[in-house]
Amino acid sequence: MTLDAGWDEHEAARRVADAYRARFGAEPDGVWSAPGRVNLIGEHTDYNGGLCLPLALRHRTYVALGAAADGVVELASSASPEPWRAPRGDACPGAVAGWAAYPAGVLWALGEHHDVLPGGFRAVFDSCVPLGSGLSSSAAIQCSTAVALDEVAALGLGASDGGRAELVEACVRGENEVAGARTGGMDQSASLLAREGHALLLDMRDGSHRHVPFALDEHGLTLLVIDTRVAHTHAGGEYASRRAECEAAAVQLGVATLREVGCDGLDAALERLAGGVALADGGSSAGDVVRRRVRHVVTEIARVEAFVEALERGDLDAAGALMVASHASLRDDYEVSCRELDVAVSAALDAGALGARMTGGGFGGCAIALVRADRVDAVAGAVEGAYAAEGFAPPRFLEARPSGAARRSEAATAAD
Ligand code: ADP
Ligand code: MG
């Protein structure tokens, strides 16, 4: 079993700088990189004004970038055979198709408020974040672009938390308006604000964040990411309908977001939503469905708080139990899991993981498992075995090590 722990940062920076030289016959202004992310707990809470707890992965997207004088933007990626080349002004909503919409969107959104390289630029991307697996390769490519443009255009935003919050906003606008993907901001916040050795507690109601120490090594633990390698095509429509159900419930309850309900107010809210009729577990009437959605959101926000408290007192068993409860809630109340995720989680738990859950929006993507370091092979082997028994394609395994935010990455020299 091979556990993918990401690339060595300096080696990767050297490789992408070499690729830039080979492509453009010039020296880049520098190399920058930004991490993908995994969410520890707090799923489908972001658009409800709730809490979530992502961490930045060691898996990063690297960009070698150089300013140009000819008014042209040229983007190339090792992940795509299609480079994008256009006049600087074409980086705007409606004009960019395909993958280049992610970096071009950042350029456009930043350019709305700042003077960003009117002369154009060249960039080459290389990444070890799996694309489209729910580990946010989209935020990684955007945020690597954001810190590169920030520095080359001398905007100075990357140097402070406030400036980075502005970069997050530009990436979110770019993803929504140029790439045309709906997104809540968790991914870009993780990629631009995370700290090595920490998880990032994000409060989506007031936009605040706090770094929570997540010392896996101290506890002899590994956070195993299990990539199911499935992406169900109905995921987008299901996401939209979950959001609509939450918004409708909030209107019915007279609150701005479901965050306002709180655990203490949950029973009263559930009663109110059904006109006093008790929630039949597993019930499928429209009212029961909405109440189960609300129950997930409210209890999941409370689980994030409890998870942070468990980490802070070093009780990783309690943290693991909260992951298991989160998965059950996502599977039964929010109904966003799938067979591949459920099988991964059960097999990991049966093989001794302290906790396991689906992570990300659901319907495929990844699960995570908190595992004693000496049990990683056994847990991964059990998941592989369970997948084979089900007739699923083999999963892929990554190690999630809490890493640092988007930054300049120095290339390894020949002497290294
Ligand atoms: P995720 O963010 O979970 O990986 P998304 O569907 O949000 O999944 O984003 C994946 C898309 O982002 C890819 O299909 C591609 O368009 C773009 N992308 C991400 N990283 C790269 C890269 N290194 N090179 C080219 N395109 C990329
Ligand atoms: Mg994404």
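Looking at an unreviewed UniProt entry, one finds the protein named Galactokinase, with Cellulomonas alba as its source organism.

The buried fraction of strand β7 (residues 198–203) is high, at 6 of 6 residues. Burial along β7 is two-sided: the face carrying His198, Leu200 and Leu202 and the face carrying Ala199, Leu201 and Asp203 are both buried. Across 2 bridges, strand β2 (residues 51–52) lies against β7 in antiparallel orientation. Residue pairing across strands places Cys52 opposite Leu202, the latter belonging to β7. In terms of strand pairing, β7 meets strand β8 (residues 209–213) through 5 bridges, oriented antiparallel. For Ala199, the partnering residue across the bridge sits in β8 and is Val212.

Interaxial distance between helix α8 (residues 286–312) and helix α9 (residues 316–332) falls to 9 Å at its minimum, and their mutual angle equals 165°. Classified by the angle their axes make, α8 and α9 are roughly antiparallel. For the pair α8 and α9, the sense of crossing is left-handed. On the side of α8, the interface is formed by Arg292, His296, Thr299, Glu300, Arg303, Ala306, Phe307, Ala310 and Leu311, while α9 contributes Leu316, Ala318, Ala319, Leu322, Met323, Ala325, Ser326, Ser329, Leu330 and Asp332. Looking at the contact of α8 with α9 residue by residue, the class counts come to 11 nonpolar, 4 polar and 4 charged.

Looking now at the UniProt feature "domain: Galactokinase N-terminal" (unreviewed entry) in the protein. In this structure's numbering, the residues bearing the UniProt feature "domain: Galactokinase N-terminal" (unreviewed entry) are residues 19–65. Within the segment residues 19–65, helix and strand shares are 13% and 51% respectively, and the terminal C-alpha atoms sit 11 Å apart.

Read across the sheet, 6 strands follow the order β5-β4-β6-β3-β1-β13 without closing on themselves; strand pairing throughout is mixed. With partners counted over all chains shown, the strands left at the sheet margins are β5 (84–87) and β13 (407–408), one partner each. Relative to strand β3 (residues 54–67), strand β1 (residues 30–39) runs antiparallel, the two sharing 9 bridges. The residue of β3 that forms the bridge with Gly30 is Leu65.

Another aspect to go through is the layout of surface pockets. A volume near 1,200 Å³ is recorded for the largest pocket. Lining the largest pocket are 48 residues, and of these Arg37, Gly134, Ser138, Glu175 and Asp187 sit closest to its centre. Where the lining of the largest pocket is concerned, the elements lending two or more residues are β6 (120–127), α3 (137–152), α5 (186–193), β9 (221–231), α6 (235–253) and β11 (364–372). When its residues are assigned to classes, the lining of the largest pocket shows 16 nonpolar, 25 polar and 7 charged. By volume, the second largest pocket is sized at about 350 Å³.

On to unusual backbone geometry. With phi around 65°, Ser136 is a residue other than glycine that occupies positive phi space. You can see Ser136 is positioned in the loop between β6 and α3. Using a relative accessible area of 7% as the deciding quantity, one classes Ser136 as buried. At Arg229, a residue that is not glycine, the phi angle is positive and equals roughly 65°. Considering the arrangement of structural elements, one finds Arg229 in strand β9.

Attention now moves to the site of ligand 1. In the vicinity of ligand 1 there are 15 residues, among which Ser77, Gly132, Gly134, Ser137 and Ser138 approach most closely. In the environment of ligand 1, a nitrogen atom lies 2.6 Å from a nitrogen or oxygen atom belonging to the side chain of Ser77. One nitrogen or oxygen atom from the main chain of Gly134 is found 2.9 Å from an oxygen atom belonging to ligand 1. Taken by itself ligand 1 offers 570 Å² of open surface, and the protein chains cover 77% of this. Put simply, ligand 1 lies in the largest pocket. Looking at the shell around ligand 1, the element that brings in the most residues is α3, giving 3 residues. Split by residue class, the shell around ligand 1 holds 7 nonpolar, 8 polar and no charged.

Each value, and the rule that gives it
- Residues numbered from 1 in each chain as written.
- Chains lettered and ligands numbered in written order.
- Predicted model: local features only at pLDDT ≥ 70, side-chain atom pairs only at ≥ 80, totals over all residues.
- Heavy atoms only, no water.
- Buried < 20%, exposed > 50% of the residue type's maximum accessible area, 1.4 Å probe, protein only.
- Helix = DSSP H or I, 4+ residues; strand = E, 2+ residues; numbered from the N terminus.
- Pairing = 2+ DSSP bridges.
- Axes fitted to C-alpha atoms, helices over the stretch in contact; angles between N-to-C directions.
- Parallel < 35°, antiparallel > 145°, perpendicular 65-115°, else oblique.
- Left-handed = near helix turned anticlockwise from the far one by under 90°.
- Contact = heavy atoms within 4.5 Å.
- Nonpolar A, V, L, I, M, F, W, Y, C, P; charged D, E, K, R; others polar.
- UniProt positions renumbered as here; feature names shortened; annotations may be inferred.
- 1 Å grid on protein atoms, 1.4 Å probe; cavity = no way out; pocket = protein on both sides within 12 Å on 5 of 7 lines; lining within 4 Å.
- Points joined across faces, edges and corners; volume = space filled by probe spheres on them.
- Near = heavy atom within 4 Å.
- Polar contact = N/O pair within 3.5 Å; in protein donor to acceptor, adjacent residues only side chain to side chain.
- Areas by Shrake-Rupley, 256 points an atom, 1.4 Å probe, with all protein chains shown as cover.
- Sits in = over half its atoms within 2 Å of the grid points.

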